[in-house]
Each structure stands twice: as C-alpha cells, then as structure tokens.
Amino acid sequence: MPRRLLLAAVFVAALLPWVATLQPVLAQEDDTKKIKFKTADEVTLHATLYKSKAKNPNNSPCVILLHQPLTDPNKGDLGGLAKTLAKEGYNVLRLDFRGHGDSTLVNPAKFWSDPINAAFFPKEAKKKPLPNKFELPKDPTKATKDIKNYLPKLADDIMAARVALDQLSDNNEVNSSSVYLVGPQDCATLGTLYATAEWVRPQKIPASLIGNHPPLAAKNGGGPAVGGEPAGKDLGGAVWLSPTVPANGLVDVDNKTVQKWMAFAPELRDRTPVLCVYGDKDTVGQAGSTFFQDKVFVANPPKGSPLSKLGMNKTMTVKSTLTGVGLLGQQLGTEKLIVDYLEALEKERLNLIRIPNRGFPTPPPIDLKSFGVCEK
C-alpha cells in the first residue's frame, strides 16, 4: 500500500471512535425526546419532553405546555417557549391533545365504548370495524356545537400528561412534586377543570385501588375520595395567554359552571396562583382575564368577604394587538413575564422533596358529567 494511503487509513481508523460517539453527543445536547402515553379511554398521546438545563435536571420542576384546541399544535412559538423554560431549569412536557398532531391513534374497543366518545360521535362508534383513529378539525370555524361540547374531554389528556410526569418522577427523571400549567385561550378553561379534578386524586394510589381507581368526581369540600394527600398540592400555578371567557370560547362551558368548580376544590383557589397575560389591544383576552381573576378565583374579594386576597394572582399586559400563542416569539417580553412569574412561585416551593412511588399505572378518568360538562 502506498505510504500516503497507509497514513490516510491510520487517520481514519483513529477518527472512527470519535465519529461513533458524535451522534449520541449531538442528540444529548438537544435534550428533547418524544414520549407517548395513554389516556384513561386509551388514546395514545404524543408529547415532547424538553429536559431541564439545571445542574440537577432530574430534580427540576415540571411545566405542562398546552396548545389551543382545534388548531395545529405547532402553531406559534410554543417550541421556543419550551426551550426557554428548559434553559431556566424546568422539565417541559409539550402535549398534542387527542385528535391533534400525532395524537390520533386509539384502542377501538376501549375508546368507542367510552360513553362520552360514543355519544358525541355516534356514527363512528357504530362503524364496523371500529375506527382506530380519531381526529378533530384543525379549523375552529368548522367546530360544530357537539364538538365544542365534547372538548372538555381534553381535560383527561392533561391528566394523562400529569400521570406520565408522575411515572417519570418515580424513575427519578423529573420532580412532579412541583407542576405548572401554561397555555393559550381556551386552555384556561380546560386547565381549571383538570386542576379541580386533581384535588380529588390522591398523590399516591392506595394499593387496594391499583388498576381500578374510580373516576374522579366533583364533590363539595374537595379532597381525595379514597383518602391520602390530594395531588392538587403539586400544582404550583398556571399561566394563561389571552384567556377566553368560557361561554364565548371553543370549549363551550357555561360561565357559572366554571365558577362552581371552586366550591368543589376550594384549596385550588388558595394554593394554585394564576397569571393572565394579554395584549393591551386585546379586549377578548382582557375579558377572559377579568373573568378568571375576579369571577372564578375572586383574587380581590370585596369587603366583608370570608375569602382572603390572593396576592400572587396577577394580570399583566404586553404592547400588542396579537393574541394567544401570537404573543410568543415576537420579542414582546411575554417569555420573560412567564419566566419571572414561575420563578417567583418556585421560590415558595424550592427544593420540594420528590414524592416516591406514586404508583399510578394508568391515569384515572375524570367523571366529567359530575363537573357539569360533556352532557348531550
């Protein structure tokens, strides 16, 4: 072999071990991974986990990042927000709701036997063979009354995401003892519904109920029906971008129904602060922010009220005519408002000890009708 070729071969041989390790290093630098998990009615949900950039990412708090229903999950700069939050020390789970993005596969036998799914989509539920896919329209203008009334079912998806974080926490990959919700517009209604149900779910499943947890039903006074500490204690707060008044939104829920949820879980009001952000020219976002802060959480109760003032419930504006996810990625300061707010909340929850062995193999269903939604 000529000397030049021999030297080249030696150089390539020396380089091969480095080349072999390059791809894993690049993948690790990205610090994101695709994960999937099932809902109580066995929709396979897809999500992206953005790992915290903190020194101890496995003990970092969590954010569940939601998208507006009946729109493309990739609309706006939710990915940019997820990366920003990961850089600031949060493990971020960015979710595709059922019927959106990659979250369209279902177990036909389980999904179509669910009374709510069968009631709102009777034609599909009677097909033979039963469909193994479920899709919702991506154009809000095509949403029928039935679809709008069905959308509270997406609260089950948030519950599934939360239980997935609990399972990651059991594996010491994240710390689900501190979880925050962030999303635009109608996510404020969905998130409030889900959060109310979390005050009925126990942090750790009793051994006697493994695989057979009863549906999470609304009950006055809150607290898990099966005893133990409520999972709602893990919810550190929420941020809603241009929140929508429920009765005027896509998730068609009566305003008084949402207000009643606080009676089912009064600790939700006191222990889960909410930040509402909207553009200063956005009258819809302003109305939604006022509704949630004044009518639902009653952050500033009138004189003589037995309720205490909620000092950490905030409403902030940015200079913009944009709404929802449009407020992200535009150098409006929205991301900084979110980061600063979560940082302030996290100071109150700093170094929460991970609760081990939560033990939920599957997410429990939410008895949505007991919350006054998904009724035909």
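Thresholds applied
Residues numbered from 1 in each chain as written. Predicted model: local features only at pLDDT ≥ 70, side-chain atom pairs only at ≥ 80, totals over all residues. Heavy atoms only, no water. Helix = DSSP H or I, 4+ residues; strand = E, 2+ residues; numbered from the N terminus. Rg over C-alpha atoms; globule rule 2.2 N^0.38 Å. Buried < 20%, exposed > 50% of the residue type's maximum accessible area, 1.4 Å probe, protein only. 1 Å grid on protein atoms, 1.4 Å probe; cavity = no way out; pocket = protein on both sides within 12 Å on 5 of 7 lines; lining within 4 Å. Points joined across faces, edges and corners; volume = space filled by probe spheres on them. Nonpolar A, V, L, I, M, F, W, Y, C, P; charged D, E, K, R; others polar. Phe/Tyr/Trp six-rings, centres within 6.5 Å; stacked < 30°, edge-to-face > 60°. Lys NZ or Arg CZ within 6 Å of the ring centre and 35° of its normal. Pairing = 2+ DSSP bridges. Right-handed = clockwise from strand over helix to strand, strands pointing away. Axes fitted to C-alpha atoms, helices over the stretch in contact; angles between N-to-C directions. Contact = heavy atoms within 4.5 Å. pLDDT = per-residue confidence, 0-100. Parallel < 35°, antiparallel > 145°, perpendicular 65-115°, else oblique. Left-handed = near helix turned anticlockwise from the far one by under 90°. Disulfide = S-S within 2.5 Å.

1. A few points about the overall build of the protein
Argument step 1. Helix and strand content of the protein: 12 helices and 8 strands.
Argument step 2. Over its C-alpha trace the protein gives a radius of gyration of 22 Å, about what one expects of a compact globule, namely 21 Å for 376 residues.
Argument step 3. In terms of overall dimensions, the protein has C-alpha extents of about 90 × 55 × 45 Å along its principal axes.
Argument step 4. Counting only residues that meet the buried cut, the protein has 51% of its 376 residues in that class.

2. Comments concerning empty space enclosed by the protein
Argument step 1. Counted under the stated rule, the structure contains 1 cavity of 30 Å³ or more.
Argument step 2. Computed from the structure, the largest cavity encloses a volume of approximately 40 Å³.
Argument step 3. If you trace the largest cavity, you find it lined by G191, T192, A195, A238, W240, L268, T272, V274 and F297.
Argument step 4. Going through the elements one at a time, α8 (187-198) and β6 (235-241) are the ones with two or more residues in the lining of the largest cavity.
Argument step 5. Of all the elements, α8 adds the most residues to the lining of the largest cavity, at 3 residues.
Argument step 6. Its residues assigned to classes, the lining of the largest cavity comprises 6 nonpolar, 3 polar and no charged.

3. Let's talk about the packing of aromatic side chains
Argument step 1. Summed over all chains, the structure comprises 10 aromatic pairs.
Argument step 2. Pairing F291 with F292 gives two aromatic rings, centres 5.3 Å apart and planes at 85°, and the pair type is edge-to-face.
Argument step 3. A residue is classified by how much of its surface remains accessible, and F291, at 7% relative accessible area, is buried.
Argument step 4. Aromatic ring contacts, followed pair by pair, group F111, W112, F120, F121, F134 and Y150 into a single cluster.
Argument step 5. Over the face of the ring belonging to F360 we find R201, whose NZ or CZ atom lies 4.8 Å from the ring centre.

4. A few points about the pairing of strand β8 (residues 314-318)
Argument step 1. Here 5 bridges tie strand β7 (residues 274-279) to β8, and the two strands are oriented parallel to one another. Within β8, the position partnered with G279 by the bridge is V318.
Argument step 2. Taken together, β7, helix α11 (residues 283-296) and β8 form a β-α-β motif whose crossover is right-handed.

5. Structural notes on the sheet that holds strand β5 (residues 179-184)
Argument step 1. Strand order in the open sheet made by the 8 strands is β1-β2-β4-β3-β5-β6-β7-β8, with mixed pairing throughout. The strands lining the two open edges of the sheet, one partner per strand, are β1 (32-38) and β8. Each strand of the sheet is rotated relative to its neighbour by a mean of 20°, with strand direction disregarded.
Argument step 2. Pairing of strand β2 (residues 44-50) with strand β4 (residues 91-95), which is carried by 4 bridges, proceeds in the antiparallel orientation. Among the inter-strand pairings, L49 is bridged to a residue of β4, identified as L93.
Argument step 3. Contacts from α11 reach β7 and β8 within the one sheet, and its direction differs from that of β7 by about 165°.

6. So, the confidence of the model for the protein
Argument step 1. Scored by pLDDT, the protein has a mean of 90; 91% of the residues are at 70 or more.
Argument step 2. Counting contacts from residues 1-29, a segment whose pLDDT is below 50, to residues more than four positions away or on other chains yields 2 contacts.

7. Remarks on the packing of helix α7 (residues 155-170) against α8
Argument step 1. Packing of α7 against α8 leaves a shortest axis separation of 9 Å and a crossing angle of 55°. Put simply, α7 runs oblique to α8. Considering only the axes of α7 and α8, their crossing is right-handed. Contacts between α7 and α8 involve A155, I158, M159 and R162 from the first element and L190, G191, L193, Y194, A197 and E198 from the second.
Argument step 2. Taken together, the residues of the contact of α7 with α8 sort by class into 7 nonpolar, 1 polar and 2 charged.

8. Details of the layout of surface pockets
Argument step 1. Counted as a void, the largest pocket has a volume near 590 Å³.
Argument step 2. In this structure, the largest pocket is lined by 31 residues; those nearest its centre are A40, D41, K110, P363 and P365.
Argument step 3. Those elements that place two or more of their residues in the lining of the largest pocket are β1, α4 (115-120) and α7.
Argument step 4. With 5 residues, α7 is the single largest residue contributor to the lining of the largest pocket.
Argument step 5. Across the lining of the largest pocket, the residue classes break down as 15 nonpolar, 7 polar and 9 charged.
Argument step 6. Taken as a whole, the second largest pocket encloses approximately 360 Å³ of empty space.

9. Side note on the state of the cysteines
Argument step 1. The tally for this structure, following the rule as stated, stands at 0 disulfides.
Argument step 2. Sulfur of C187: no disulfide; nearest cysteine sulfur belongs to C276 and is 13 Å away.
Argument step 3. Just so you know, C374 is unpaired, no disulfide at all, and the nearest cysteine sulfur is the one on C187, 15 Å from it.

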